[in-house]
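An overview of the molecular structure
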Amino acid sequence: MEKVPFLDLATGNRQLHTELMNAAERVLTSGRFIGGPEVTNFETAFAAHMGTPHAIGVGNGLEALILALQAVGIQPGDEVIVPAHTFIATWLAVTRLGAIPVPVEPLADTMNMNPTLLAAAITPRTRAIMPVHLYGNPADMAPILKAAGNIPVIADAAQAHGATYMGKPIGSYATSCWSFYPGKNLGAYGDACAVTTLNPALAERIRRLGNYGSSVKYVHDEPNSTNSRLDPMQAAMLSVRLAVMDEWNARRAQIAQTYLTELQGTAVTLPTITPNATSAWHLFVVRTPKRAELEAHLAADGIETLIHYPTAVHKQKCYAHLAEKLPPLPLAEELAAQVISLPLGPHMPDSHVERVITSLRNFS
Ligand SMILES: *Cc1c(COP(=O)(O)O)cnc(C)c1O
């Protein structure tokens, strides 16, 4: 039986083969391998696409989160509010700077940061708030920004390229970190990322912090800076991918809509999208208390699934030392035990979508 892969990257690369090869050749013959017009051109196009005036290419998503937190002045001992239910990168950026992650439970339906609990978690020591647009579904930014007031908001948008909120690109609401990890909606050919922001001073500082603390060659202003830049090779390839991103996202949305309609009344809880938002449908995540059984049932039908994420972040070994200080996070733990991601991607054929639906309908 032909497998239904979780995500097929090869078909898209075949489709774009000529353009990607042309982009790579352009960089090779340019002789310019750090910075330069390929990076600037991509940054400009990406910023416009994400609804912001500034984009800064950086090395990867985790470094983007760290640089953005550094740029708003996060110091050791500062409190930074994070979702309890997220990928570990969001928390690691905080602890990497010696700051304290203050987790907030999700909303049970959208699985994103609960704005009411966020407001309650703010203390005089809160120095930043990090909503995550998990699975591509925007966090409810209006109440989050209202609760934040003057506290900087750094969004983890690593799964949300193309998502909108109240009719505008999600990047237009806050400084946002987007990963271009190969499997993301906008994927590179290795590690790559960009930060977008509405704030020119912040843009300038993030760029400096990722470039040896320097904005003028051999003048260095930031002792805690690093080297984290977007390569021209990745930028050139990403420019090719950006041009097809909306079209590929539209196919993702079409598949998600089919799942939402055809999986009604099955044994799983379907995803709920934040009101007034559209998801980038990075992942289609359903819930069931019988996850192991569902995983095995789908696998027996040749269908590949993944779990995002199997262990709640606060239950990771690296955060054992925080255990005593943290409030109970039962919802995050329940989600970690129940979520399972179905195959979804821009090149998934209808025949595979139908096989997932049929298999799930046979599961009880
Ligand atoms: C992928 C991802 C990241 C990290 O991105 P990298 O580029 O792989 O470092 C951060 N946060 C979330 C939610 C992600 O999905």
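Keep in mind that this is a model prediction, so the values were computed, not measured. Here the residue numbers are simple positions, counted from 1 along each chain's written sequence. It should be noted that, the model being predicted, local features are given only for residues of pLDDT at least 70 and side-chain atom pairs only at 80 or more, the latter also being counted only at that level, while totals for whole chains, interfaces and linings use all residues. The side-chain numbers reported here are obtained from all heavy atoms of the structure, hydrogens and water having been left aside.

What to know about the pattern of salt bridges
Once their charged atoms are close, side chains differing in charge can pair, the charge on each being opposite to the other. Salt bridges, as used here, are contacts in which a Lys or Arg side-chain nitrogen is within 4 Å of a carboxyl oxygen on Asp or Glu. In the structure shown here, the tally under the stated rule is nine salt bridges. Across the salt bridge formed by Arg-125 and Glu-79, the nearest N and O atoms sit 3.1 Å from each other. Residue Arg-125 is located in the loop between helix 6 (115-121) and strand 4 (126-129), and its partner Glu-79 is located in strand 2 (residues 79-83); the two are separated by 46 residues in the primary sequence. Burial classification: accessible surface area is computed with a 1.4 Å probe over protein chains only, and a residue below 20% of its type maximum counts as buried, one above 50% as exposed, and the rest as partly exposed. By relative accessible area, Glu-79 is classed as buried at 11%. Here the salt bridges do not stand alone but share partners, grouping Glu-204, Arg-205, Arg-208 and Glu-222 into one network. We count a stretch as a helix when DSSP gives it H or I for four or more residues in a row; a strand needs E for two or more, and each element gets its number in order from the N terminus.

Some remarks on the packing of aromatic side chains
Ring pairs are drawn from Phe, Tyr and Trp, using the six-membered ring of Trp, whenever the two centres fall within 6.5 Å, and their geometry is named by plane angle: stacked under 30 degrees, edge-to-face over 60, tilted for the rest. What the rule picks out here adds up to nine aromatic pairs. With 5.2 Å between their ring centres and 35° between their planes, Phe-87 and Tyr-309 make a pair best called tilted. Taken together, the residues Phe-87 in the loop between strand 2 and helix 5 (89-96) and Tyr-309 in the loop between helix 10 (291-300) and helix 11 (330-338) connect sequence positions 222 residues apart. What makes Phe-87 partly exposed here is its relative accessible area of 41%.

Notes on the domain arrangement of the protein chain
Domain segmentation is taken from an automatic or database assignment of domains. Partitioning the protein chain into domains gives domain 1 (10-239) and domain 2 (245-363). A straight line from the C-alpha centre of domain 1 to that of domain 2 covers 23 Å. Listed by partner, the interface residues are 44 residues for domain 1 and 35 residues for domain 2. By convention, the term buried area covers the 1.4 Å-probe accessible surface removed from two parts as they join, with the contributions of both added. Taking both sides of the interface into account, the surface hidden between domain 1 and domain 2 amounts to around 3,300 Å²; carbon and sulfur atoms contribute 63%. Three residues, Glu-105, Tyr-135 and Asn-185, lead the burial of domain 1 against domain 2; their summed loss comes to 20% of the area buried on that side. Linking domain 1 with domain 2 are zero salt bridges, by the criterion used here. Within 3.5 Å is the distance limit for a polar contact, defined as a pair of N or O atoms, with the added protein rule that one can donate a hydrogen and the other accept it, and that residues adjacent in sequence qualify only through two side-chain atoms. Our count for the domain 1 to domain 2 interface comes out at 23 residue pairs in polar contact (both at pLDDT 80 or more). Only helix 1 (10-15), helix 5, strand 3 (100-104) and strand 6 (164-165) provide two or more residues apiece to the side of domain 1 that touches domain 2. Residues belonging to the side of domain 1 that touches domain 2 are distributed by class as follows: 22 nonpolar, 18 polar and four charged. In this analysis, two residues are considered to be in contact whenever any of their non-hydrogen atoms come within 4.5 Å of each other. As a working rule, the residues Ala, Val, Leu, Ile, Met, Phe, Trp, Tyr, Cys and Pro are called nonpolar, Asp, Glu, Lys and Arg charged, and the rest polar, with Gly in that last group.

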